[in-house]
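Structural characterization, general
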Amino acid sequence: MRVSYKWLKEYVDIPVSPEELAERMTMTGVAVENIEYMGKNLNKIVTARIETISPHPNADKLVVCQINTGSENLQVVTGAPNVREGQVVLLALVGATLPDMKITRAKLRGVESFGMLCSAQELGLDPENFPPEQRNGILEFPGDTPLGVDVKELLGLDDVILELELTPNRADCLSMVGVAREVSAVLGTALKLPEINVTETEESIDGKVSININEPELCGRYVGRLIRNVKIGPSPNWMQQRLQAAGVRPISNMVDVTNYVMLELGQPLHAFDYGKLKDQTIIVRRAEEGEKLYSLDNVERTLTSDMLVITDPAGPAAIAGVMGGLESEITDSTTSVLLEAAYFKPASIHRTSKNLNLRSESSMRFEKGIDINGCLNAANRACQLIQEMGAGEIVSGFVDNHPSPSGNTVIRLRPDRIKLIVGVEVPGDRIKEIMLNLGFNVKEDGGDFLVEVPTRRGDISLEIDLIEEVARLYGYNNIPITLPEGASTEGRKTEVQAAVDRILDLMTECGLNEIITLSFMNPRNFDMLNLPMDDSRRVAVTVENPLSEEQRVLRTTVLPGLLDILARNSARKNKDLAMFEVGRVFVPVIGEKLPKEILTLGAVVSGKTPGNWQVRSYEMDFYYLKGILESLFRALNISGYSFVPEKGNHAFHPGRAASVRLNNEDIAVIGEIHPSVTENYKLNERVYAMEVNLEKVINACKGLKRIEPLPKYPSMERDMAIVVQRDVHAGEIIDDIKKNGGKLLKRVELFDIYEGEQIEKGYKSLAFALQFQAADRTLTDEEVTDAYEKIRNALSQTHNAQLRA
Amino acid sequence: MKDKLNSLKEQALGEIAAAGGLAELNDIRVKFLGKKGELTAILRGMGTLTAEERPLIGQIANEVREAIEQAINQKMSELKENERQEKLNKETIDVTLPGRPFMIGKRHPLTTVLDEIKEIFLGLGFEIAEGPEVELDYYNFEALNFPADHPARDMQDSFYISPGVLLRTHTSPVQPRVMEKKAPHIPVKVIAPGKVYRRDDDATHSPMFHQVEGFVIDKEISFSDLKGILLTVVRQMFGADRQIRLRPSFFPFTEPSAEVDVSCMSCNGSGCRVCSHTGWLEILGSGMIHPNVLKMSGYDPEQVTGFAFGLGIERIAMLKYGIDDLRLLFDNDKRFLAQF
């Protein structure tokens, strides 16, 4: 909402500067977003009359004018096509500033020039606001315009525009009078509202206009007034200037009046050419499905049955509250006008204007809610202006179809409730003053106030709404600063939150950078990940109205996000990448409205560890990432998991992937990304990735309950090197060693793997360090040898393992 | 004999002084003081001495032994010290060579900011709650007092999944969810951090971003308490000399509502590019929980009151680290992430 400071001052006393007013309004709830100083770039530009014009001696397209500014005569050279003797024009004097130039004394083709005749463009004005013949030339003013008048005064540019940023509840401030009421409440100064009285002709409206509301739900009120002997022409300058200040283009007196009153009082009006209305009858009804109407902007609109239309018996004449129809539009030949001032249901107008993709100053106001009790007043105000401007004569009386009138609301306001909510005791007198300044009537009742809230403040229906009025006008920054009293509470993280924290710590400590990617993904990723058609990860939550195909579904796996980011980094020549993300994946659940959201850890590594003169860098491979996952389990005190070869996950290399199982559940998958998948993501290097179901992991993480006492007796170490077939998994051997090692075996460590010359082809040697220990005694050699032999025998039976010589 | 002893002493001391290593010194010890050493050899002749001479010579012999031992010990520590010095000299390294490179991972800046906010509120006795990102219209709007035809409920602004189900547009739905569980229990002090979604994607909007919701419900919680908590939090987050300023605003689920500005940390309130020359930075929205919201979720607004606030994490991260393009936060460039 653009508010002219000059115009506003007509309605309310403003003893402060525009800047201070803006500050005070912003701090009380009606934010001033910007202060625009109109004409601030226009200096030393005045009205002047062209006395004589003579040809330029050296140029065909230029002329030399002798110009009278009222105080001096000046010679000016111009090339303007529409220059004439006797014209009153705007002259930028030597030293003048315009938005894009400074005027200096100049010689044009040898002839001295003391200024410049101005066009709209040069003044930074919209040429469309001026008559056609002036749009490509200089501006021209009536012959009786006084000379030497500053352009700002002449065009009303000596004004300041306050641009309001209104919150949705303050629809009452979508009018000059509404803003004036707010200013009056904020500054506590007097309102000076326009007095409205209509001079009517003898002709009565009775029998001339009939208004039928078929949809009282959607149209709460419809006021009509009739204007005769209409003389269409331009509206007066002062009105045009105010419209322009508000950002509305002047069109003709009749249209300008409707716009002016809308800006002044907030009530959108519509003017129909009465002569074109069939049977002088207005019917407010729903459009028929597919009904068509040319709107004022000359676009054919196809209407639907949830749209409200203003019709005559022949068909639609306007889309209610949104835009008029071309057919009943006011034209130069219009002689009688039916003026509409109506109330339409906000939600209906909102839907219609959205569905038609047609927004207007009018629809915007209806949408936010206007004052249903202001319709008649606004119609009268428009009639008064039309009559005063001599643009028409007002037929006596009006039609007011108002099916269920409602009055003001009375709300009980309790001072102790104000104290409770706001936290400060506002004196009763002050409360009363605030209410009265807002224009609300107040009665005292016991210790309380009964406040009568006018319908223009549709945002106020509860006591809390009034408390807010008190708080904001008392001043938020005058409210003291306290801290909550009452029972103390304990702030702590839940076990899950603490575990997630530990996981973030561990992952970063392991050298991975945390990333955050969007929860959306393109379903194409399922193909890029090689997922078979029946893979459960293809069942995703679909967004009904995504911004793009890239964001069509919610992720069921964090891999695509990680691979995308990897690809983006590698495209930028960022090498040696190690990254992870902790976020939710979304799994639809049959029969449930909401999907299951599973907290998931994803990690990728690709490239090498850092190296230098001191340490060789090496590839971050499967075992690198596996080591991180094992560290994570250790950090969370999780044991008893196993890594099982995974050939069925098509996103991964079939020979280099594992499912991680814990308590008979898959809790993670880890492996090298399948080369065709890396190719799909335009990754050139091998990528290792893992995806971990953190819910299951955290669930399994019991935390440390009791410590184990430190051993009192020494341990004994034995190494065992065995030869087995190449395809035997080390994990199985380790399991067998543990199984057969008995209570004495404390630790098994695989410290070497060898394949090569020393070993038969197709076989490999595994070397284990075994640690034996008892809690209650020092072990004897025999005991350890027994345990060792038991392991050896078991391995030789299960895996045909031979001790390596 | 006395002369023999003295000359032995002289000889020993001379050899000790000349000894060049620990081994040599040990040989000297054996040579002079060992069981078969020279001193013992001399002392074997004690039998030939008179009773008067014997203690005298014995004393001298002891003195000689002590002198030699002392000299050996002294020499030994000298030699050890020299040897150590020599070893240390040999071990000198070039300390200017770069160290072993370790991989260091960093938390994402948004996580870091969230962590910091969580810590502040934990210290103030708040618990941390979470809610679903795919949310029912009921919790996202209705239970928060949004009227049925509120523009925010448009398909225009929210991502819909199915009728009545959408991606939450703010963390506020955690309010009614927590309230339903806790009512009528008081006091309630909760923050709810998380991801939220709106249908916007440009230089200043991401379709997914992060908020922290916070709310307190108790007997006699007032707007002045809200101011107190916010000031405390702002000062912990942005420094002890920050000021706050509250401007009336509008949210369907709070009333009175306020936008909260913090005095610009870049210029200290005097006006600069960061704060658009206003001296203030808008950082959060807040207000007293609307009585309808309390009522719908099981609290009696005549018995308890509460306040709520919500802040955007991206904005705070951008202010804190001088990030001028929101998209950098979701770009995840290694060179960006490594800086935090």
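Calculation notes
- Residues numbered from 1 in each chain as written.
- Chains lettered and ligands numbered in written order.
- Predicted model: local features only at pLDDT ≥ 70, side-chain atom pairs only at ≥ 80, totals over all residues.
- Heavy atoms only, no water.
- Helix = DSSP H or I, 4+ residues; strand = E, 2+ residues; numbered from the N terminus.
- Expected span 1.5 Å × (residues − 1).
- Buried < 20%, exposed > 50% of the residue type's maximum accessible area, 1.4 Å probe, protein only.
- 1 Å grid on protein atoms, 1.4 Å probe; cavity = no way out; pocket = protein on both sides within 12 Å on 5 of 7 lines; lining within 4 Å.
- Points joined across faces, edges and corners; volume = space filled by probe spheres on them.
- Nonpolar A, V, L, I, M, F, W, Y, C, P; charged D, E, K, R; others polar.
- Domains from an automatic or database assignment.
- Pairing = 2+ DSSP bridges.
- Contact = heavy atoms within 4.5 Å.
- Buried area = accessible area lost by both parts, 1.4 Å probe.
- Salt bridge = Lys/Arg side-chain N within 4 Å of Asp/Glu carboxyl O.
- Polar contact = N/O pair within 3.5 Å; in protein donor to acceptor, adjacent residues only side chain to side chain.
- Axes fitted to C-alpha atoms, helices over the stretch in contact; angles between N-to-C directions.
- Arc of directions from axis to C-beta.

We now examine helix 8 (residues 223-238) of chain B. Residue and element names in this part refer to chain B. End to end, helix 8 covers 22 Å across 16 residues, agreeing with the expected 22 Å (1.5 Å per residue, within 8%). With 13 of 16 residues buried, helix 8 lies mostly within the body of the structure. One or two residues past the end of helix 8 sits G239, with phi positive at roughly 115°.

Looking now at the layout of surface pockets. Residue and element names in this part refer to chain A. The volume enclosed by the second largest pocket comes to roughly 2100 Å³. What lines the second largest pocket is a set of 44 residues, among which K626, E630, F643, G731 and I734 lie closest to the centre. Within the residue set of the lining of the second largest pocket, elements represented by two or more residues are helix 16 (622-635), strand 33 (642-645), strand 34 (652-662), helix 19 (730-740), strand 38 (745-754) and strand 39 (763-772). It is strand 38 that contributes the most residues to the lining of the second largest pocket, eight residues altogether. Within the lining of the second largest pocket, the residues separate by chemical class into 18 nonpolar, eight polar and 18 charged. Three or more residues apiece are contributed to the lining of the second largest pocket by two domains, here domain 5 (495-700) and domain 6 (716-803).

As a further point, take the pairing of strand 32 (residues 596-606) of chain A. Residues and elements named next belong to chain A. A large share of strand 32 lies buried, amounting to nine of its eleven residues. As paired elements, strand 31 (residues 577-587) and strand 32 share eleven bridges and run antiparallel to each other. Paired with F580 across the two strands is A603, which belongs to strand 32. Here strand 32 runs beside strand 36 (residues 688-693); their pairing, made up of six bridges, is antiparallel. Bridged to L601 within strand 36 is V692.

The next thing to look at is the interface of chain A and chain B. By a frequent convention, interface size equals the accessible area lost on bringing the separate parts together. Contacts between chain A and chain B engage 93 residues on the former and 91 residues on the latter. Of the roughly 7600 Å² buried where chain A meets chain B, counting both sides, 56% is carbon and sulfur surface. Three residues, Y476, I516 and N545 of chain A, lead the burial of chain A against chain B; their summed loss comes to 9% of the area buried on that side. Across the chain A-chain B interface, the total number found is seven salt bridges. With a shortest N-O distance of 2.8 Å, D333 of chain B and R572 of chain A are connected by a salt bridge. Where chain A meets chain B, there are 45 residue pairs in polar contact (both at pLDDT 80 or more). Counting only elements with at least two residues in the side of chain A that touches chain B, the list comes to helix 2 (18-26), helix 7 (346-355), helix 10 (415-422), helix 12 (463-474), helix 13 (495-509), strand 28 (513-514), helix 15 (559-571) and strand 31 of chain A. In terms of residue count, strand 31 of chain A provides more of the side of chain A that touches chain B than any other element does, eight residues in total.

Attention now moves to the sheet that holds strand 2 (residues 31-37) of chain A. Residue and element names in this part refer to chain A. The three strands lie next to each other as 1-11-2, forming an open sheet whose pairing is antiparallel. The open sheet is flanked by strand 1 (2-4) and strand 2, the only strands paired with a single partner. Between one strand and the next, the sheet's axes are offset by a mean angle of 30°, whatever the strand orientation. As judged from the six bridges shared by strand 2 and strand 11 (residues 160-165), these two strands associate in the antiparallel manner. When the sheet's bridge partners are listed, E36 is paired in strand 11 with I161. Contacts from helix 2 reach strand 2 and strand 11 within the one sheet, and its direction differs from that of strand 2 by about 165°.

Segmenting chain B into domains produces domain 1 (2-90) and domain 2 (109-337). For domain 1 of chain B and domain 2 of chain B, the distance between their C-alpha centres works out to 88 Å.

Residues and elements named next belong to chain A. Taking 1.5 Å of rise per residue, 19 residues should cover 27 Å, and helix 20 (residues 781-799) covers 26 Å from first to last C-alpha, within 8% of that figure. Taken residue by residue, helix 20 has V784, A787, Y788, I791, A794, L795 and H799 as its buried positions. Buried residues of helix 20 fall within an arc of 125° about the axis and therefore sit on the same side. Among the exposed residues of helix 20, those oriented more than 90 degrees off its buried face are E782, D786 and Q797. On its buried face, helix 20 sits against strand 37 (716-725), helix 19, strand 38, strand 39 and strand 40 (802-803).

Let us now look at the sheet that holds strand 37 of chain A. Within a sheet, neighbouring strands are paired by backbone hydrogen bonds and run either parallel or antiparallel to one another. Residue and element names in this part refer to chain A. Spatial strand order, 38-39-37-40: four strands in an open sheet with antiparallel pairing. Across the chains shown, the open sheet's two edge strands, defined by having one partner strand only, are strand 38 and strand 40. Direction of pairing for strand 37 relative to strand 39: antiparallel, over a ladder of ten bridges. The residue of strand 39 that forms the bridge with E717 is Q771. Contacting strand 37, strand 38 and strand 39, helix 19 crosses the sheet at an angle of about 35° to strand 39. Where helix 20 meets the sheet, its contacts fall on strand 37, strand 38, strand 39 and strand 40, and the angle it forms with strand 37 comes to roughly 15°.

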